[in-house]
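An overview of the molecular structure
Residue-level listing of the chains:
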Amino acid sequence: MPDGTCYNQRMVTETLSWQSQYNLLFRTTSDGVIALDHTGLLLRINPAAAGMLRCVPEECIGKTPKSVFHDQPALLDLLEGRGENVRKVILPGKRVAHGISEIQPDDTRMVLLRDITEREELDTRRDQLIAAIGHDLRNPISAIHGFAELIPLSGSLTSDQERFVTRIIQTSQKMQYLASTLVDLAWIESGMPMESVPVELDKVITLAVSELDKDAQQKRMSIAISTQHPLPFVMGDPARLKQVVVNLLQNAIQYSEPEQPIAIHAFEYGQQVRCTVGDRGIGIHANELDQVFDRLYRSPDEAVRKTQGGGIGLTMARVILRRHGGSIAVSSVYGEGSTFIFTLPLAG
Ligand code: ADP
């Protein structure tokens with residue numbers, strides 16, 4: 001018996017110490033924390049959340065989220081458990097928070113808010129800078145390219161000189177491509193109008209595959225297509241959607257050893273069309289999966305570094321898909337292969 005009493009006392013002490021640690025964290029963390037009870041009423045709001053949302057916790061406790069945060073649609077969705085459990089929340093004073101909503105085992109709900117205003121501003125400034133560089137570089141690169149093409153016309157060259165000129169022309173062509181892709185990306189992001197017509201994604205896939213036929217053949221690779229028939233229409237810009245499929249297939253070819261298979265599937269999934277592009281290539285390290293869609297990101301992996309690329313293809317794919325109301329994700333095992341999955345909402 002004394003042992004049991006001792007054990008119970010220890011449990012009580014540990015629970016109390018855990019509670020006081022939790023309370024300390026709750027009061028002092030710079031992340032906003034909002035807790036709701038199992039009926040969905042506001043239970044606790046920590047000082048950081050109160051500061052971010054400019055509310056007085058005592059005036060909110062026991063109320064419905066809707067009666068307090070009616071002018072915060074994204075936050076309301078998180079508090080009421082609607083839609084995605086990760087959302088960007090616009091805070092008063094032009095600030096932005098990354099919000100996460102989690103239902104607890106006892107049916108209560110926690111919403112965490114992290115202020116990401118500075119990071120967002122940095123991202124925007126970086127994107128504007130890259131777009132400006134892309135724009136400003138186009139003319140000087142064209143000039144280098146043009147003059148390099150004139151050199152052989154002005155007299156005979158030694159074989160070394162010919163080699164150097166060829167290298168200048170090839171490199172300036174790559175730079176031209178990179179600069180115009182950056183400018184194109186900036187245009188799409190700034191809301192450049194896109195076509196919006198009913199699109200049969202299976203036809204887009206067939207076109208993209210035939211465009212890359214030569215590249216695949218060079219590496220003795222086959223691209224297997226399997227699409228649901230009939231595949232429902234999506235609304236969008238067929239040329240831009242083809243660009244997405246081409247980018248994904250080009251990567252699958254580029255980042256696989258010769259003779260490895262590639263498979264592309266498209267099928268209806270709920271209110272979406274889902275398309276997957278799978279390869280058995282070099283794969284992507286788990287810690288890089290979040291970064292591959294970032295502008296100009298290329299893996300430091302040796303197998304990637306020995307290939308050529310600008311790190312824009314996946315950014316472009318994501319931007320185009322977002323403009324269509326869709327999304328893109330990747331799952332990959334390093335050394336085994338990758339599968340890129342994108343979705344587009346059904347037309348209508
Ligand atoms: P690029 O291919 O020009 O480098 P992307 O934006 O298309 O640019 O891809 C970004 C990076 O993501 C690549 O550099 C590579 O590290 C990784 N990646 C993309 N697709 C694949 C793939 N299918 N397999 C392995 N890694 C990939």
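Everything discussed here concerns the structure shown above.
A few points on the structure. Owing to the predicted nature of the structure, the values given are computational and were not obtained by experimental measurement.

The next subject is the sheet that holds strand E7 (residues 223-227). Strand order in the open sheet formed by five strands is E7-E9-E10-E12-E11, and the pairing between neighbours is mixed. What marks the edges here is a single partner per strand, and that holds for E7 and strand E11 (327-333). Strand-to-strand twist across the sheet, computed as the mean angle between neighbouring axes with direction ignored, equals 15°. As judged from the five bridges shared by E7 and strand E9 (residues 262-269), these two strands associate in the parallel manner. Pairing of Ile225 across the sheet is with Ile264, part of E9. Sitting on the sheet, helix H10 (residues 238-254) touches E7, E9, strand E10 (272-279), E11 and strand E12 (337-345), and the angle it makes with E12 is about 175°.

Each neighbour pair has its own omega, and for His229 with Pro230 the value is -5°, a cis peptide bond. Positive phi is not limited to glycine here, since Arg54 has a value of about 50°. By secondary structure assignment, the location of Arg54 is in the loop between helix H2 (47-53) and helix H3 (57-60). Under the relative-accessibility criterion, Arg54 is labelled exposed at 62%. A positive phi angle, close to 50°, is found at Arg220, a residue other than glycine. Its location among the elements puts Arg220 in the loop between helix H9 (213-218) and E7. For Arg220, a relative accessible area of 52% gives the class exposed.

Criteria and thresholds
All chains use their own residue numbering, which begins from 1 and follows the written sequence. This being a predicted model, a pLDDT of at least 70 is required before a residue's local features are given, and a value of 80 or more before pairs of side-chain atoms are given or counted; all residues contribute to the totals for chains, interfaces and linings. Excluded from the side-chain calculations are hydrogens and water; all other atoms, namely the structure's heavy atoms, are used. A pair of strands counts as paired when DSSP detects no fewer than two bridges linking them. Note on conventions: DSSP H or I runs of at least 4 residues are helices, E runs of at least 2 residues are strands, and numbering of each starts at the N terminus. To get an axis, a line is fitted to the C-alpha atoms, and for a helix only the part in contact is used. The angle between two axes follows their N-to-C directions and goes from 0 to 180 degrees. The contact criterion used throughout is that any non-hydrogen atoms of two residues lie within 4.5 Å. Only protein chains enter the accessibility calculation, which uses a 1.4 Å probe. A residue is then buried if its area is under 20% of the maximum for its type, exposed if over 50%, and partly exposed in between.

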